[in-house]
Amino acid sequence: MDYRKKTVVASVAGLTLEGMDIMFISFAMSMIIAEFQIDMAAGGLISSITNLGMLAGGVIFGILADKFGRVRIFTYTILLFAVGTALTGLAQNIEQVYLFRFIAGLGAGGEYGIGMALVAEAWPKNKQGRASSYVSVGAQYGVILAALLSAMILPSWGWRGLFFVGLAPVIFAFIVRKKLDESPAWLEAQKKKQQVQKQGKLKQLFATPKIAVTTIALAIMATVQIAGYNGLMIWLPSMLQQSQGLSVSSSALWTISTAAGMIAGMLTFGQFIDRFGMKTSYGIFLSASAIAVFLYSFASGSTGLLVGGAIVGFFSNGMFAGYGALISKYYSVEIRSTATNTIFNFGRALGGLSPIVVGYILQNANVTVAMTYLALLYCISFIAMISLRKGKGIKEEFNPFTEAI
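With that settled, the discussion passes to the overall build of the protein chain. From N to C terminus, the protein chain includes 18 helices and zero strands. Each of the 405 residues in the protein chain was classed as buried or not, and the buried ones make up 60%. Partitioning the intrachain contacts of the protein chain with sequence separation of at least 6 by distance along the chain shows that 84% fall at a separation of at least 24. When the accessible surface of the protein chain is split by element, carbon and sulfur atoms take 67% of a total near 15,500 Å².

In structure tokens:
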């Protein structure tokens, strides 16, 4: 297996485990709420605190990865993520759940941007879109894995047993450290004193007015992406269990159907990026997402829910595939991990508040109002996308894989 394929496999596996862990919260939510006797807003806060941990971990480990190397820090984030997930299964009160989810978030937040930086630095520009989509699909593999494990573990072992599965990434971390070499582009950057001095500085994300506007626009887009995903995936399984009378296994089928739509959307979106460019691809998918999410509020019956969920997943989360390539496009190698982790995990932290907002809407209004709220978010993201500009301070770095093609 060549280096490019290794970066994709490692990043896919990392995102799969992360996606699995996030959906564990969704399937275990009703049991956690019942055991600790909390309301829906307090339950939604679990995901929000996890996302705050991701923001902190993204900034910290993004800076460390730009300074000390991608692979070394990547393995540390996986280990931290695994420990936090397993500890969640030992929590004795909701405060401990919050604490352990924050720890898991620290690791997960660092892992995402580093993996994306590795892929971006290994693949040529005309193939970065599809490479990014291959990695992003990993999150949906995690969703499907979480659905299957939840159906098997929750009835017999409860929600605590589900989180003990989180120890599995420890093995993966050791494999990555042994099999994956450091990014050649990062190694090349270390030889240039001027670049080394710039590494890990957050102010580089706002170095010029154009770069600042781009950073803010990308942060808005990432926020909407996470808000839409969390709004759909965190609460809808529980809603279907209640409103449609579905069992855990039946709601798991809905989740798998939606995840399948997301996977198809991601793979399609990656091809769109390489063929039509970033702005055209995001423009099409953002517009379609706003329409599909709003119309889904009127779906009924098992067939309508399954097909509609797949369509919504295709457009709304298909765009997730492009963020690794999108952010990498605007920032050079010396600050790429910092930029990717900071921007996307800022979106996770702010967009992670969406479960609280959606939970409040569902308690005080209805599904149509909640879906309208999500549809409007995609319209805001469309406006942010139009404002993207590449600043003059960003230059191309040496990429041995690009040069070889």
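The next subject is helix 9 (residues 209–233). The terminal C-alpha atoms of helix 9, which comprises 25 residues, lie 36 Å apart, in line with the 36 Å expected from a rise of 1.5 Å per residue. Counting buried positions along helix 9 yields 20 of 25 residues, so the element is predominantly enclosed.

Checked against the element boundaries, Ser 11 lands in helix 1 (residues 3–36). Classification of Ser 11 as buried rests on a relative accessible area of 1%. A distance of 2.9 Å separates the side chain of Ser 11 from the backbone oxygen of Thr 7, its partner in a polar contact.

As enumerated under the stated definition, the model contains four salt bridges in all. In this structure, the salt-bridge partner of Asp 66 is Arg 70, at a minimum N-O distance of 2.5 Å. The same class applies to Asp 66 and to Arg 70, which are both buried. Of the charged contacts in the structure, one is a salt bridge between Asp 274 and Arg 130, with a shortest N-O distance of 2.7 Å. With Asp 274 in helix 11 (residues 248–276) and Arg 130 in helix 5 (residues 128–164), this residue pair connects regions lying 144 residues apart in the sequence.

On inspection of all chains with the given rule, the structure shows 13 aromatic pairs. With 5.8 Å between their ring centres and 25 degrees between their planes, Phe 285 and Phe 314 make a pair best called stacked. With Phe 285 in helix 12 (residues 278–296) and Phe 314 in helix 13 (residues 301–316), the pair connects residues that are 29 residues apart, well separated along the chain. Overall, the relative accessible area of 1% leaves Phe 285 in the buried class. By the ring-pair criterion, three or more aromatic residues cluster together here, those being Phe 269, Phe 272, Phe 276, Tyr 282, Phe 285, Phe 314, Phe 315, Phe 320, Tyr 323 and Phe 344. Taking NZ or CZ as reference, Arg 4 lies 5.3 Å from the ring centre of Trp 123, over its face.

Conventions we followed
Residues numbered from 1 in each chain as written. Predicted model: local features only at pLDDT ≥ 70, side-chain atom pairs only at ≥ 80, totals over all residues. Heavy atoms only, no water. Helix = DSSP H or I, 4+ residues; strand = E, 2+ residues; numbered from the N terminus. Buried < 20%, exposed > 50% of the residue type's maximum accessible area, 1.4 Å probe, protein only. Contact = heavy atoms within 4.5 Å. Areas by Shrake-Rupley, 256 points an atom, 1.4 Å probe, with all protein chains shown as cover. Expected span 1.5 Å × (residues − 1). Polar contact = N/O pair within 3.5 Å; in protein donor to acceptor, adjacent residues only side chain to side chain. Salt bridge = Lys/Arg side-chain N within 4 Å of Asp/Glu carboxyl O. Phe/Tyr/Trp six-rings, centres within 6.5 Å; stacked < 30°, edge-to-face > 60°. Lys NZ or Arg CZ within 6 Å of the ring centre and 35° of its normal.

What is shown is where atoms sit, not what they do.
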